[in-house]
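# Survey of secondary and tertiary structure
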Amino acid sequence: MTALLIVIGLIALLVIFGIVLYNGLVRRRNTVENAWSQIDVQLKRRIDLIPNLVETVKGYATHEKETLDAVIKARNSAMAAPANPAAQAQADNMLTGALRQLFALSEAYPDLKANQNFLALQEELTATEGRVAYARQFYNDSVLAYNNSLQTFPTLIFAKMMSFTRREFFEAEPAAREVPKVQF
Amino acid sequence: MFDLIRSNKRRSVALIASFVVLLCAVGAAVGVLVGYGIAGTLFALVFSGATAAVSYWKADAIALRLSRAVPADPEEYRRLHNLVEGLCIASGLPKPGVYIVNDPSPNAFATGRDPKHAAIAVTTGLLEKMNRVELEGVLAHELSHIRNYDILVSTLAVTLVGTIALLTDMAIRMLWWGGARSRRSDDNNSSGPLAIVGIVLIIFAPLIAKAMQAAVSRRRETLADISACQMTRYPPGLISALEKLRDDSTEVRSASTATAHMWIEQPMSGMKGEGKPSRFHRMFDTHPPLEERIELLREL
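In this text the structure is predicted, and so the values were computed from the model without any measurement.

This part is about the overall build of chain A. When you go through chain A residue by residue, the secondary structure sums to seven helices and zero strands. Tracing chain A from N to C terminus, the helices and strands come up as α-α-α-α-α-α-α. Taken against the 2.2 N^0.38 rule, which gives 16 Å for 184 residues, the C-alpha radius of gyration of chain A at 25 Å runs more than 25% over that of a compact globule. Counting only C-alpha atoms, chain A reaches 95 × 30 × 20 Å along its principal axes. Taken across its 184 residues, chain A has 22% of its residues classed as buried.

See below:
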């Protein structure tokens with residue numbers, strides 16, 4: 001009789017253990033998904049800030065048409081870029097380069113540089129670039145935690161049974177590794 | 001970096017465990033000398049625990065009121081809010097309340113019982129003196145305190161210190177007034193070497209406990225430094241900030257010994273102008289010396 005109780009107890013423990021492990025895996029996988037969509041949120045935020053910036057600069061630096069046009073063009077191609085990472089990285093790079101050009105411009109126009117609106121936008125864009133970078137970092141950290149739990153011992157068994165698959169890290173595309181050019 | 005974090009956490013656990021051992025030793029000593037060892041320890045633990053629980057629960061409100069912190073206006077302190085938001089994305093933490101303390105000395109603290117009820121405060125002096133990456137490093141350090149539940153850890157430490165202090169206090173009083181009782185009963189080992197050890201322990205335990213609490217605090221500060229670098233992936237930011245703090249010599253006016261442990265840098269040190277303080281003094285520092293912290297981060 002007691003032997004039966006012990007066996008039932010052990011099975012119950014195993015089941016509970018299994019539930020705990022499964023829940024952990026689910027939570028980690030969801031964190032990875034959330035982190036991935038976070039990156040897009042921040043990228044979109046950056047794109048949305050640009051029209052404002054262009055308008056502000058236009059008021060002070062009307063004859064810098066080239067630079068302004070480059071920014072607008074880069075923004076449009078970033079919005080229209082196809083979903084694959086390589087094209088997006090390229091569009092991203094062009095946008096960063098055009099923006100840097102624009103901010104370098106402001107050095108020649110002290111009125112623009114002192115304009116509160118411009119300063120606020122500059123701060124916002126710098127902060128948003130930081131946020132994009134942090135979002136990517138958080139995504140990679142979440143993938144690390146998820147992959148770790150997939151591949152370490154007890155959870156390893158469940159992972160295969162319940163079709164949890166390994167995720168890829170976010171890596172900078174070769175295009176993104178080039179430093180954007182700023183010309184004076 | 002991850003190894004350092006793990007080893008720091010292990011050392012914190014070891015410190016808290018030795019705290020508990022000290023408490024048991026004191027409880028046993030009290031039991032041997034005065035009687036009511038177990039009951040006394042339990043009473044002291046419950047009382048201390050209750051007061052600590054209240055302060056833990058309301059940690060954020062208490063700390064902010066004590067330092068006269070005001071909420072930071074999002075428009076006026078745009079950069080501060082942006083940096084905090086960026087770091088919250090990097091760490092997956094919810095955004096804490098952001099506060100300002102009007103004080104020329106550069107310093108910052110974090111408080112709150114868990115990441116959902118947390119707050120960070122910086123002094124106006126810090127905002128003036130630090131550039132963007134340095135400010136980010138300091139904020140990452142404070143956020144790491146929140147992420148590592150350091151308020152909980154230091155509340156644990158404070159509870160244990162309080163328990164030991166209460167217990168030894170009661171024991172000394174009972175020994176003083178009712179010492180005759182223990183001398184009369186024959187089945188207590190209340191004479192000889194054990195009694196002397198017990199008395200010595202009771203007298204010095206509060207001091208030892210305080211030193212242990214300071215050790216726990218130092219360990220968590222180091223952990224926060226390393227966690228901050230892991231969050232920003234940019235050690236030079238925090239290193240530069242710590243170097244600026246080291247070279248700055250204004251003191252925080254709105255701090256006191258009660259709140260000293262929360263700030264990023266020791267608000268009142270006995271160090272300025274006197275050269276190195278005595279080794280004994282250093283045992284009770286809540287923060288490791290700035291030089292040491294800078295050296296450790298450089299190795300990362």
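What follows concerns the sheet that holds strand β2 (residues 97-101) of chain B. Think of a sheet as strands paired side by side through backbone hydrogen bonds, with each pair either parallel or antiparallel. Residue and element names in this part refer to chain B. Taken in spatial order, the four strands of this open sheet run β1-β2-β4-β3, and their pairing is mixed. Two strands close off the open sheet at either side, each with one partner strand: β1 (69-71) and β3 (108-112). Going from strand to strand, the sheet's axes swing by 30° on average, the running direction of each strand aside. Against the sheet, helix α6 (residues 132-147) contacts β3 and β4 (118-123), and its axis sits at roughly 20° relative to β3.

Here the focus is the interface of chain B and chain A. Listed per partner, the contact involves nine residues of chain B and ten residues of chain A. In the side of chain B that touches chain A, the residues fall into two nonpolar, three polar and four charged.

Moving on, we get to the confidence of the model for chain A. Scored by pLDDT, chain A comes out at a mean of 82, with 91% of its residues at no less than 70. Per-element mean pLDDT across chain A ranges from 64 in helix α7 (residues 174-177) of chain A up to 88 in helix α5 (residues 116-151) of chain A.

Cut-offs applied
Residues numbered from 1 in each chain as written. Chains lettered and ligands numbered in written order. Predicted model: local features only at pLDDT ≥ 70, side-chain atom pairs only at ≥ 80, totals over all residues. Helix = DSSP H or I, 4+ residues; strand = E, 2+ residues; numbered from the N terminus. Rg over C-alpha atoms; globule rule 2.2 N^0.38 Å. Buried ≥ 20, exposed ≤ 12 C-beta atoms within 10 Å, placed from the backbone. Pairing = 2+ DSSP bridges. Axes fitted to C-alpha atoms, helices over the stretch in contact; angles between N-to-C directions. Contact = placed C-beta atoms within 7 Å. Nonpolar A, V, L, I, M, F, W, Y, C, P; charged D, E, K, R; others polar. pLDDT = per-residue confidence, 0-100.

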